[in-house]
Each structure stands twice: as structure tokens, then as C-alpha cells.
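Observations on chain architecture
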Amino acid sequence: MSKESSRATYYNRLRLLSLTMAFCLLLLVPILNKYLHISFIQGWFQSLSIGHLWFVSPLEGMESILTSKKLYGPLLIGMAWPVLLASLLGRVYCSWICPISFLSDILDRCLGLFTRKRFRRQHSPLPKKTLWYALLGEIILTLVIGTPIFVFLSPPGLVGREIMMITLFHTVAIEGLIVIAVVLLHLVSQRFFCRYLCPLGALLGIIGAKRRLAISTDMGKCIECGTCKKVCPLGLDPIKQECFSAYCWNCGKCVDSCKVSALMFKWRDISLPEYPGGQTNQTTPHPNT
Amino acid sequence: MRLAAASLGTIATCWLAPKPSPAKSWISSPVHTNILRPPGAVPEEIFPARCIRCGRCVEVCPYQAIVPLDIRKGVFAGTPLIDVKKIPCYLCMKCVEVCPTGTLSRIPQAETRMGLAVIDKHACVTWNQELALCRTCYNVCPFKEKAIKLDQLRPVVIEEYCTGCGICTHGCPITRKDGEKAINIEPIYAFKPVRW
């Protein structure tokens, strides 16, 4: 960020704070439950309860409904909150809450202490569309097998599960190796799992395809320096209006990096045609392609 | 340090422990004698499909009786189980209230049917020996005089009231040669057919 920037933004710091708080919650909840028998806050990001307010991850709930063919009121209500959040703010769960994001970011910061090459892993080995195929493949496999087994293996849930296993039973389960594999993969290719394979991220992306909050580019101010593309953890290019696509997870890294404040979060009304990414615009790829 | 050693030990045992038939344990239900689902569980046919493996029942159990399965159990990975020989269910009914999917349906304590206690009259000292007067199962039963009664000082299980909590199995002092007790919980309700 340069000095001339009129409105310096600190979304990165805010986001790191949010990620840290979410991770601390994961650490704290099993301790409260085991040692103090406080079950007011309970669970992790697969299903979290704060008092009588329940949250259920939409992918998990959807697969449970699909495989068991049973509807259950509390499940639907619990799924409604994340769906509402995603439809308004987009994939913010991925960038602001998810423990895998926290681990990746912390790893990046730790490595940043030793090396200056910050953008070293910015390449795209696969087309972006892989994300949708990952979700589709996961749902089909779940229906073939008949159990929501892949939600059990989804890394964000696994982090919470492993923390619980360590706190409650003083042991780790072998599926925790998946978390290690995902974080190591991040070192090889930036956010490889989040970009191409995470079915939960894909589902939230589809839900948030017509989100209200999005990053908009002021092309009048933009000097096309390309910094925003370099910092984007998903390899999107805000200059090409890719921040309106279903892939963008509203992390705000590009907003922070912009030297001329050409990028900002904007509350958009998608019914208006003049907004890029609105219903009439071609730049938003349809999520089901 | 100790934690690291323990975790390494777990990983090591996962790979080194002899497995009888891993492929079979991937698709056949882990529920059998004395290995039960938590209270209010839907039948085993639908259980792995409905459970989202969120682990909240595991976390809320104050006795840590509920244990999640790991990846080696295939499609049953992540589902909760109670090994009543280690820690029985004390029927506090906390788990049924936190289940977000209705896999553990909300039922009152007395309507829990995790299984049925079955006395092995050949192994039970009170049944097969004239002199011994053990009645531990009768004493520890939370539904004493309803679920377990004494018939001429020998324990008898009343099927109508037995919740299958396994406290009797946990308390039984007799261990058979195959590792089971003289009173065992048979999960007879877990394999009911489901109407889809």
C-alpha cells in the first residue's frame, strides 16, 4: 500500500483476525465441553450450535437429505443460515472462517519471514471449471455409495474433528493426514484444494453466484498494474471483471493491494443491468457450465 | 511430547495392527453384541446415510462413552458407537438433543432401545452355581425391578422395559472366554427394516 492511497484498507488484517478467532473457537469448544461440561457452544463447522441457534454446513445437510430421503426441520433451519450468508456475501466462509484458510495463511506468513518471493506459486495447473466438476463428482459418488462419506473427509470438518479427538481422547485419527496433504499441496500450488477440489467451496460459490457484496473495479482509476491478479489466492483477474464470477470468495486481498484504490467492496443491486456481473452481463460464467 | 508419542503410536498401530478382512469391515455394519449406537438411533440400514459425521454427540457425551469410528471402517467412518464394556450409556439423553440430522431421534429416556440385555445362563454364576449370589446387574440397572427382576434370587431381563444401556454389562464381574460378559446387549432393534 502506498502513501498516496486515499483510503487505505485493512481487510487482510481483519480477515486474519476473523480466521484466528474462528480457529480459537475450534480449539476452545472441546475444552469447554470436556472439562467444564458447558455445552452452550458445541460442534465445529460441520455443525455448530450456539445455544439453540444451530448451523449446519449446507453440503453435509444436502447429502444427508439426498441419501436418506428424509427431511428434518432442525436440519433445514440449520442449513438456511449459511445459505443466507452465502447468497448475500458469497463464499466468505472459505476466506474468512475456514480453518484450512487459516492454516494456509499462517503457513504463508511463516514462510514470508524467510523468503521475499511472495508470488512464487501463482500458476494455474487446471482450468477453473474443475471446481464444479469436483462438486458434481462428489454428489454422484455419494449417491452411488449411499452415505455422505466425502463430507467426513472434507478438510475443514476434519480440522475440527482432529482437534476434538486430541482434546477428548488424546489421540489423532489417520484421516488427519488429508489435512496435512492439503496444506502441503498449498505449498506446491497455491490453494490447490480450495481452487479446484473443495466441494463445499463449490456449493457456496453456486449459492453466492448472484451475491450482493462483490468487489467492483473502477476502471477510471485503474492503471492496470496487475498487482491484484498477483495477490489473488484464487488466481482471478479483477481487471477482467473476474471478481464478479462465482469463483471469487471476497477475501479483499486485491482491495488491500491496489495502489490507486480502484478496487472496493460494493453492495450491488444485481437487478440493475449496468452493473457488470448482473443478469444481463456476459462476464459471469454460469456455474453449471 | 507425550501427545506426539501417542499420536505416532496411533498411526503406527493403524498400519501395523493385523486386520482380519479390511474390505468386509468397510461395508458391513460395526454394530454387534455390546457395540451399540447411541440412544434414539435410526435403524442401521439408514444410519450411515443420514448421519453427517459432525461429532456433536461425541463431544457432548459427559462420560465419553460415544466414540467416532475412523476411516478404516469405510462407509461407517465418523459414525458414533458405544462400547458398553468400556463405558456404558448412562442415559443422560444429551446426545439425542444435539443431533442436527435426526439420526438420533429425540426420545424420552425410558423409550431408549439401544438393544436388549441377554443373560448367558451358562456363564452367569447365579444361574449355574447354587451357592453364588451375584446380582450386580440387578443392582446397577437404572430401571431396577422393571427391566431386571429377581426370580428366586436369579436375575431375569424383562424385554418390555430394557433400554439396552449396558450398565449391567459394564458391571458384570464374569468375563467369558470370548471376551464377552455373562450379560450382554444384543442390538436387536438396530437391524429393523426401514420403509423408505
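This text follows the structure it describes.
How each quantity is defined
- Residues numbered from 1 in each chain as written.
- Chains lettered and ligands numbered in written order.
- Predicted model: local features only at pLDDT ≥ 70, side-chain atom pairs only at ≥ 80, totals over all residues.
- Heavy atoms only, no water.
- Helix = DSSP H or I, 4+ residues; strand = E, 2+ residues; numbered from the N terminus.
- Buried < 20%, exposed > 50% of the residue type's maximum accessible area, 1.4 Å probe, protein only.
- Areas by Shrake-Rupley, 256 points an atom, 1.4 Å probe, with all protein chains shown as cover.
- Contact = heavy atoms within 4.5 Å.
- Buried area = accessible area lost by both parts, 1.4 Å probe.
- Salt bridge = Lys/Arg side-chain N within 4 Å of Asp/Glu carboxyl O.
- Polar contact = N/O pair within 3.5 Å; in protein donor to acceptor, adjacent residues only side chain to side chain.
- Nonpolar A, V, L, I, M, F, W, Y, C, P; charged D, E, K, R; others polar.
- Phe/Tyr/Trp six-rings, centres within 6.5 Å; stacked < 30°, edge-to-face > 60°.
- Lys NZ or Arg CZ within 6 Å of the ring centre and 35° of its normal.
- Pairing = 2+ DSSP bridges.
- Disulfide = S-S within 2.5 Å.
- Expected span 1.5 Å × (residues − 1).

The next subject is the overall build of chain A. Scanning chain A for helices and strands turns up 13 helices and five strands. Classification of the 289 residues of chain A by burial places 54% in the buried group. By element, 70% of the accessible surface of chain A is carried by carbon and sulfur atoms, the whole surface being about 13300 Å².

A separate point is the overall build of chain B. Summing up its helical and strand segments, chain B has eight helices and seven strands in all. At a minimum sequence separation of 6, the contacts of chain B that also span at least 24 residues come to 67%. With the model as given, the accessible surface of chain B reaches about 9800 Å², and the carbon-plus-sulfur share is 59%.

Turning to the environment of Cys-198 of chain A, a few remarks are in order. Residues and elements named next belong to chain A. Counting through the fold element by element, Cys-198 comes out in the loop between α10 (192-197) and α11 (199-207). What makes Cys-198 buried here is its relative accessible area of 10%. Note: C-alpha distance between Cys-198 and Pro-155 (43 residues apart in sequence) is 8.6 Å. If near-sequence neighbours (up to four positions away) are discounted, Cys-198 is found in contact with Leu-131 and Phe-193.

The next subject is the interface of chain B and chain A. How big an interface is tends to be expressed through the accessible area that disappears when the partners come together. With 42 residues of chain B at the interface, the matching set in chain A holds 46 residues. Across the chain B/chain A interface, buried area totals approximately 3500 Å², and carbon plus sulfur atoms make up 65% of it. Three residues, Ile-52, Arg-56 and Glu-59 of chain B, lead the burial of chain B against chain A; their summed loss comes to 21% of the area buried on that side. In this structure, the connection of chain B to chain A is made through zero salt bridges. In this assembly, chain B and chain A are joined by nine residue pairs in polar contact (both at pLDDT 80 or more). For the side of chain B that touches chain A, the elements supplying multiple residues, two or more each, are α1 (2-16), α3 (47-50), α4 (56-60), β2 (66-68) and α5 (94-98) of chain B. Considering only residue class, the side of chain B that touches chain A consists of 25 nonpolar, eight polar and nine charged.

Below, the discussion takes up the pattern of salt bridges. All names here are of chain A. By the definition in use, this model includes nine salt bridges over all chains. Ionic pairing is found between Arg-15 and Asp-105, a salt bridge with its closest N-O pair at 3.1 Å. With Arg-15 in helix α1 (residues 11-35) and Asp-105 in helix α5 (residues 99-112), this pair connects stretches of sequence that are 90 residues apart. Of the charged contacts in the structure, one is a salt bridge between Lys-128 and Glu-242, with a shortest N-O distance of 3.1 Å. Linking Lys-128 in the loop between α5 and α6 (130-145) with Glu-242 in the loop between α12 (227-231) and α13 (253-257), this pair joins segments that are 114 residues apart in sequence. Looking at Lys-128, the relative accessible area reads 28%, which means it is partly exposed.

Another point: the packing of aromatic side chains. Aromatic rings considered in pairs are described by the distance between their centres and by the relative angle of their planes. Overall, the coordinates contain six aromatic pairs over all chains when judged by the stated rule. Ring centres 6.1 Å apart and planes at 75° place the aromatic pair Phe-45 of chain A and Tyr-93 of chain A in the edge-to-face group. You can see Phe-45 of chain A sitting in the loop between β1 (41-44) and β2 (47-50) and its partner Tyr-93 of chain A sitting in helix α4 (residues 92-97), a full 48 residues away along the chain. The two residues Phe-45 of chain A and Tyr-93 of chain A agree in class, both being buried. The ring of Phe-47 of chain B has Arg-37 of chain B sitting right over it, with the charged end atom 4.1 Å from the ring centre.

It is worth spelling out the sheet that holds strand β1 (residues 35-36) of chain B at this point. Reading across from one edge, β1-β3-β2 (chain B) is the order of the three strands in this open sheet, with antiparallel pairing throughout. Two strands in the sheet have a free side with no partner beyond their single neighbour: β1 and β2 of chain B.

We now examine the state of the cysteines. Here the structure, examined in full by the defined rule, presents zero disulfides over all chains. No disulfide involves Cys-232 of chain A; its sulfur sits 6.1 Å from that of Cys-251 of chain A, the nearest cysteine. Since its relative accessible area comes to 11%, Cys-232 of chain A is described here as buried. Take Cys-54 of chain B: it sits in no disulfide, and the sulfur closest to it among the cysteines is that of Cys-99 of chain B, at 6.4 Å.

This brings us to unusual backbone geometry. All names here are of chain B. A positive phi angle, close to 70°, is found at Asn-34, a residue other than glycine. At Gln-152, a position not held by glycine, the phi torsion is positive, near 50°. Residue placement: Gln-152 occurs in the loop between β5 (148-151) and β6 (154-157).

Here we take up the pairing of strand β4 (residues 213-217) of chain A. For a regular strand, the rule is simple: side chains alternate between the two faces of the sheet. Taken across its five residues, β4 of chain A has five buried, putting it largely inside the fold. Side chains Leu-213, Ile-215 and Thr-217 of chain A project from β4 of chain A onto one buried face, and the interleaved Ala-214 and Ser-216 of chain A project onto a second face that is buried too.

So, on to helix α8 (residues 155-169) of chain A. All names here are of chain A. Taking 1.5 Å as the rise per residue, α8 with 15 residues should run 21 Å; its terminal C-alpha atoms sit 20 Å apart, in good agreement. α8 sits mainly inside the fold: 13 of its 15 residues count as buried. Phi turns positive one or two residues past the end of α8, at His-170, with a value near 55°.

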